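Observations on the three-dimensional arrangement
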Amino acid sequence: MTCHACGAPLAATAKFCHKCGAQVGGGQAPGWWVGLPWGVAGAALGALLAVLALRIGRSREPGAVPDGARGGTAAGSLLPAPDISQMSPEERATRLYNRVMTLHSQGKADSAEFFLPMALQAYAMLPALDIDGRYHIGVLDLTGGDYAGALAQADSIHRAVPAHLFAFMLRARAFELRHDAAGARRAYAEFLRNEAAERARQRPEYAEHADNLDAFHTQATQVAAGRTRAR
Ligand SMILES: [Zn+2]
Ligand SMILES: [Zn+2]
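Right, let's walk through the structure included here. Numbers given to residues run from 1 along each chain, matching the order in which its sequence is written. All chains are assigned letters beginning at A, and all ligands numbers beginning at 1, according to the order in which they are written. Where local features are concerned, this predicted model is filtered to residues with pLDDT of at least 70; where side-chain atom pairs are given and counted, the filter is 80 or more; whole-chain, interface and lining totals use all residues. As a rule here, side-chain values cover all heavy atoms of the structure and leave hydrogens and water aside.

**Quick look at the pattern of salt bridges**
Here a salt bridge means any side-chain nitrogen of Lys or Arg lying within 4 Å of a carboxyl oxygen belonging to Asp or Glu. Applying the stated criterion across every chain yields a total of 8 salt bridges. Across the pair Arg199 and Asp214 runs a salt bridge whose closest N-O atoms are separated by 2.9 Å. Remark: Asp214 occurs in helix 10 (residues 210-224) and Arg199 occurs in helix 8 (residues 181-200); sequence separation between them is 15 residues. Salt bridges here are not isolated pairs; linked through shared partners, they connect Glu195, Arg199 and Asp214. What counts as a helix is a DSSP run of H or I of at least four residues, what counts as a strand is a run of E of at least two, and both are numbered from the N terminus.

Here's what the structure looks like:
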């Protein structure tokens, strides 16, 4: 199966596109407790988190050492598994966010729903939220069908940085989720209006989510041209 919005290849059971965030397949996400995978608990959960810790690289993070500045070592992939208990709250939240999105992209909706409340709780425990953190929460809200929560994060982002593209992205998705086509079109249009100037600012979170931005740009352009595809 491929994403109807951006064409990314997806697992047959995927409910959300990991590339552009579009909802895939019919219907709302059920509550996370539906089909709770009891097999993923206790020790198995710890093992999953350890695997996650190994797999999520830090290569695209803002402030990373520029290419070549460190002699091109591949040390990052050789480090021992980080101890979850030693992670900063921010790292833990980011890893859980990545976990949920990866599971969705693999079509493992049940597992994603299992991790969703953990991810949201990890963000709720952070003393302060930056724009990227708010975007992550908004995307997590969307995977759970909570468009009101996603809109609230979009509003917070918009208040902090009125032209920030993440606010328009969250709004478009949230409006789509509640079948408000006019609202979604407005959000797409605002995205396109601000896109060039905003991306020229080279915000670190834009680099981190370049794939999402590119996929969203394609969809926004299609919507603006009146070529929305039938659902
Ligand atoms: Zn997509
Ligand atoms: Zn991010």
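**Notes on helix 8**
Because an α-helix completes one turn every 3.6 residues, residues spaced three or four positions apart along the sequence face the same direction. Counted at 1.5 Å a residue, the expected span for helix 8 with its 20 residues is 28 Å, and the 29 Å between its end C-alpha atoms agrees. The axis of helix 8 is deflected most strongly, by about 50°, at Asn194. For every residue, the accessible area (1.4 Å probe, protein chains only) is compared with the maximum for its type, and the residue is labelled buried under 20%, exposed over 50%, or partly exposed between those bounds. Buried residues of helix 8: Gly183, Ala184, Ala187, Tyr188, Phe191, Glu195 and Glu198, and no others. Where helix 8 is buried, its residues touch helix 7 (165-177), helix 9 (204-208) and helix 10. Polar contacts, as counted here, are pairs of nitrogen or oxygen atoms within 3.5 Å of one another; within protein the pair requires one atom able to donate a hydrogen and one able to accept it, and residues that are adjacent in sequence qualify only if both atoms are side-chain atoms. If you check the start of helix 8, you find a side-chain oxygen 3.4 Å away from the backbone N of Ala182, and it comes from Asp180. A helix is expected to span 1.5 Å multiplied by its residue count minus one. To obtain the bend at a residue, axes are fitted to the seven residues ending there and to the seven starting there, and the angle between these axes is taken. Contact between two residues is taken to exist if any of their heavy atoms lie within 4.5 Å; hydrogens are not considered.

**Observations concerning the coordination of the zinc ion (ligand 2)**
Only nitrogen, oxygen and sulfur atoms qualify as donors, provided they sit within 2.8 Å of the metal or within 3.2 Å for Na, K and Ca; with water excluded from the atoms, sites may seem incomplete. Surrounding the zinc ion (ligand 2) are the protein donor atoms Asp132 (OD), Asp132 (OD), His136 (NE2), Glu208 (OE), Glu208 (OE) and His209 (NE2), at 2.0 to 2.8 Å. Here the metal geometry follows the donor angles, with tetrahedral for four donors whose angles all fall between 85 and 135 degrees, square planar for four and octahedral for six when opposite donors are more than 155 degrees apart and every other angle is between 65 and 115, and irregular for all the rest. Each of the 6 donor atoms bound to the zinc ion (ligand 2) contributes to angles spanning 50 to 147°, and the resulting shape is irregular. Positions of the donor residues of the zinc ion (ligand 2) along the chain correspond to the pattern D-x3-H-x71-E-H. Placement of Asp132 in helix 5 (residues 131-143) and of His209 in the loop between helix 9 and helix 10 is noted, with a sequence separation of 77 residues between them.

**Observations concerning the packing of aromatic side chains**
Pairing of aromatic side chains requires ring centres within 6.5 Å, counting the rings of Phe and Tyr and the six-membered ring of Trp. Pairs whose planes differ by under 30 degrees are stacked, by over 60 edge-to-face, and all others tilted. Taken as a whole and judged by the stated rule, the model has 5 aromatic pairs. Measuring from ring centre to ring centre gives 4.1 Å for Tyr135 and Phe166, while their planes differ by 25°; the resulting arrangement is stacked. Linking Tyr135 in helix 5 with Phe166 in helix 7, this pair joins segments that are 31 residues apart in sequence. Members of the aromatic cluster, each reached through a chain of ring pairs, are Tyr135, Phe166 and Tyr206.

**Re the side chain of Arg171**
Topologically, Arg171 is positioned in helix 7. Classification of Arg171 by relative accessible area gives buried; the value is 15%. Excluding residues that lie within four positions of it along the chain, Arg171 makes contacts with Leu151, Ala154, Asp155, His158, Ala187 and Glu190.

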